[in-house]
Amino acid sequence: MKVAVIGSSGQLGHDLMRILPAAGLEAIGFFGRLELDIANAAAVEAMLESHRPDAVINTAAFHHVDLCESRPDDAWKINAVAVRDAAKACQKRKILWMQIGTDYVAEGWPGCQPIAETAAVCPKSIYAASRFAGDCLTLAHAPEYGYVVRTCGLFGIAGCKLKGGLNFVDTMIAAARAGKPLRVVSDQIVAPTATDTLSRQLAALLEHQPGPGLYHAVSHGQCSWHEFAQTALRMAGLTVTVEPVSSTAFAAAAIRPRYSVLDNARLRTVGLDLMEDWQKSLQRYIACKYPPPA
Ligand SMILES: NC(=O)c1ccc[n+]([C@@H]2O[C@H](COP(=O)([O-])OP(=O)(O)OC[C@H]3O[C@@H](n4cnc5c(N)ncnc54)[C@H](OP(=O)(O)O)[C@@H]3O)[C@@H](O)[C@H]2O)c1
């Protein structure tokens, strides 16, 4: 099976490019918007014609959550309209279209159960609304070939391209090593997810194709960003204090969900939930990227 990866220079894309071949799938990467802009529908169609992939994974998005508030046109263009056009182009050619989505579309309440695919969504920002539209447009325009896989709090070796190659874990470790005071929100609950585990999960979905539609794929377990930071720093051997703060302490432009832990209910139903506890993924990540000095 030949798989085109849009956004292969990103955090998830980087791991997909090594894990898909290890799973016996051929991967063709499109680094970023300079090589193939997802918002250029003609270029996406030309790519499908020239490479004739069996599947496309779209890791690209306008996912600067706060910037989406001041650039709504770009958010809708990249996260919704471009996704619709690409999903349609794939459906027409019988190519599997796998759209990576986000936990930001959902919100529960502190202490509630993880949110399944069947639960109502609650987008509270331009970012979340535009991503939810992209999910819906995928399902509407690629009813037989569209997969939407929502995930959360990614960390991977390549780091988040949007954030200059750093993910949350890297940012915390860099700040701690620089002796900066650390203040992290303790009232947003998430399921931090490693991009290598997620890539294996996506490979399994491609291999087994249990049916189009919406899937949640996040780590098992949950934590606040504060607990995530503390755990990462402890695993990296850094003894520093992290001050827990409320979301209101940061004047962010976009509202974040207070509880966006997704339940991999559909993956479990089809017997394909390969995700693991977030602490286990984090331990492996820290051991690989921040090994103790020899
Ligand atoms: N990071 C998280 O914590 C998180 C949480 C939940 C969901 N997600 C979702 O997971 C996906 C992957 O995230 P990530 O952390 O791997 O992101 P990332 O590291 O920022 O990578 C995004 C990739 O997409 C490319 N890209 C951006 N705009 C593009 C465009 N218009 N056309 C083509 N390529 C474009 C980027 O390259 P250029 O910049 O060079 O164009 C980069 O290769 C995204 O959909 C994201 O919203 C991420």
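First, a word on scope: everything that follows refers to the structure included in this document. Every chain is numbered independently, its residues counted from 1 as its sequence is written. Predicted model: local features are reported for residues with pLDDT of at least 70 only, side-chain atom pairs are reported and counted for 80 or more only, and whole-chain, interface and lining totals are derived from all residues.

What follows concerns the overall build of the protein. The way it works is that DSSP assigns letters per residue, a run of H or I at least four long becomes a helix, a run of E at least two long becomes a strand, and they are numbered from the N terminus. Helices and strands together make up the secondary structure of the protein, namely ten helices and twelve strands. Its C-alpha atoms give the protein a radius of gyration of 18 Å, within 12% of the compact-globule value 19 Å for 294 residues. Three exposure classes are used, based on other C-beta atoms lying within 10 Å of a residue's own C-beta, which is placed from the backbone: buried for 20 or more, exposed for 12 or fewer, and partly exposed in between. Looking at the protein as a whole, 49% of its 294 residues qualify as buried. Every radius of gyration here is taken over C-alpha atoms, with the globule rule written as 2.2 Å times N^0.38, N being the number of residues.

Around the ligand, 28 residues are found, and the nearest of them are Gly7, Gly10, Gln11, Gly32 and Ala60. Broken down by secondary-structure element, the contributors of at least two residues to the shell around the ligand are α1 (11–22) and β4 (96–102). No other element matches the three residues that α1 contributes to the shell around the ligand. Three residue categories are used. Nonpolar comprises Ala, Val, Leu, Ile, Met, Phe, Trp, Tyr, Cys and Pro, charged comprises Asp, Glu, Lys and Arg, and polar comprises the others, including Gly. Residue classes in the shell around the ligand are distributed as 13 nonpolar, eleven polar and four charged. In this text, near has one meaning. A residue is near a molecule or strand if its C-beta atom, placed using the backbone, is within 6 Å of it.

Two strands pair if DSSP finds at least two bridges between them. Note: strand β1 (residues 2–6) against strand β2 (residues 26–30), five bridges, orientation parallel. Opposite Val5, over in β2, you have Gly29 as the bridge partner. What joins β1 to β2 is α1, and the crossover it makes is right-handed. Orient the strands so they point away from the viewer, and a crossover whose first-strand-to-second-strand path over the helix runs clockwise is right-handed.

On to the nonpolar core, then. For soluble globular proteins, nonpolar side chains are generally found buried alongside one another. Each nonpolar core consists of buried Ala, Val, Leu, Ile, Met, Phe, Trp, Tyr and Cys residues. Their C-beta atoms, within 7 Å, join them into a set. Among the nonpolar cores identified, the biggest contains 88 residues, and Val56, Ile57, Ala86, Cys90, Trp97, Met98 and Ala232 are the most heavily contacted of them. If one sorts the elements of this core by residue count, helix α4 (residues 72–93) sits on top with nine residues. Residue pairs are scored as contacts if the distance between their C-beta atoms, which are placed from the backbone, is within 7 Å. In this structure, Met98 is in contact with Ala55, Val56, Ile57, Asn58, Tyr147, Val149 and Leu202, ignoring residues within four places of it in sequence.

Judged by pairing direction, the sheet is parallel, and its six strands sit side by side in the order β2-β1-β3-β4-β5-β10 without closing on themselves. Of all the strands in the sheet, the pair left with one neighbour each is β2 and β10 (213–216). Averaged over all neighbouring strand pairs, the angle between strand axes comes to 20°, with direction disregarded. Pairing geometry for β4 and strand β5 (residues 146–151), over six bridges, is parallel. Of the residues in β5, the one forming a bridge with Thr102 is Thr151. On top of the sheet, α4 reaches β3 (55–58), β4 and β5; it is set at about 155° to β4, its chief contact. Here, axes are lines fitted to C-alpha atoms. For helices the fit covers the stretch in contact, and angles between N-to-C directions go from 0 to 180 degrees. Running over the sheet, helix α5 (residues 126–141) touches β4, β5 and β10 and is turned about 160° from β4.

A word on the pairing of β5. The side chains of a regular strand alternate, first on one face of the sheet and then on the other. Of all the six residues making up β5, six are buried; the element is thus mostly covered by neighbouring parts of the structure. Burial of β5 is two-sided: the residues Gly146, Val148 and Arg150 facing one way and the residues Tyr147, Val149 and Thr151 facing the other way are all buried. In the sheet, β5 pairs with β10 via four bridges, with the strands oriented parallel. Counterpart to Arg150 in the pairing with β10 is His216.

Packing of helix α2 (residues 41–51) against α4 brings their axes to within 10 Å, and their N-to-C directions diverge by 30°. Judged on the interaxial angle alone, α4 and α2 are roughly parallel. At the point where α2 passes α4, the crossing takes the right-handed sense. For the pair formed by α2 and α4, the contact residues are Ala41, Val44, Glu45 and Leu48 on the first element and Asp85, Ala86, Ala89 and Arg93 on the second. The residue inventory of the contact of α2 with α4, partitioned by class, reads five nonpolar, no polar and three charged. Any angle from 65 to 115 degrees is called roughly perpendicular, while one under 35 is roughly parallel, one over 145 is roughly antiparallel, and all others are oblique. Crossings are classed by handedness, with left-handed meaning an anticlockwise turn of the near helix from the far one by less than a right angle and right-handed meaning a clockwise turn.

As a further point, take α5. Residue count minus one, scaled by 1.5 Å, sets the expected span of a helix. Taking 1.5 Å of rise per residue, 16 residues should cover 22 Å, and α5 covers 22 Å from first to last C-alpha, within 8% of that figure. Listing the buried residues of α5 in full gives Ile126, Tyr127, Ala128, Ala129, Ser130, Arg131, Phe132, Gly134, Asp135, Leu137, Thr138 and His141. In this structure, the buried side of α5 is in contact with α3 (65–70), α4, β4, β5 and β10.

Attention shifts here to the environment of Gln201. With respect to the helices, strands and loops of the structure, Gln201 is situated in helix α7 (residues 195–208). The spatial distance from the C-alpha of Gln201 to the C-alpha of Pro21 is 14 Å, given a sequence separation of 180 residues.

One non-glycine residue with positive phi stands out, namely Arg52, at about 45°. On the secondary structure map, Arg52 appears in the loop between α2 and β3. The exposure class assigned to Arg52 is exposed, which follows from the 11 C-beta atoms found within 10 Å. One non-glycine residue with positive phi stands out, namely Gln209, at about 40°. Relative to the helices and strands, Gln209 is located in the loop between α7 and β10.

Everything listed here is a matter of coordinates, which is why it stays silent on function.
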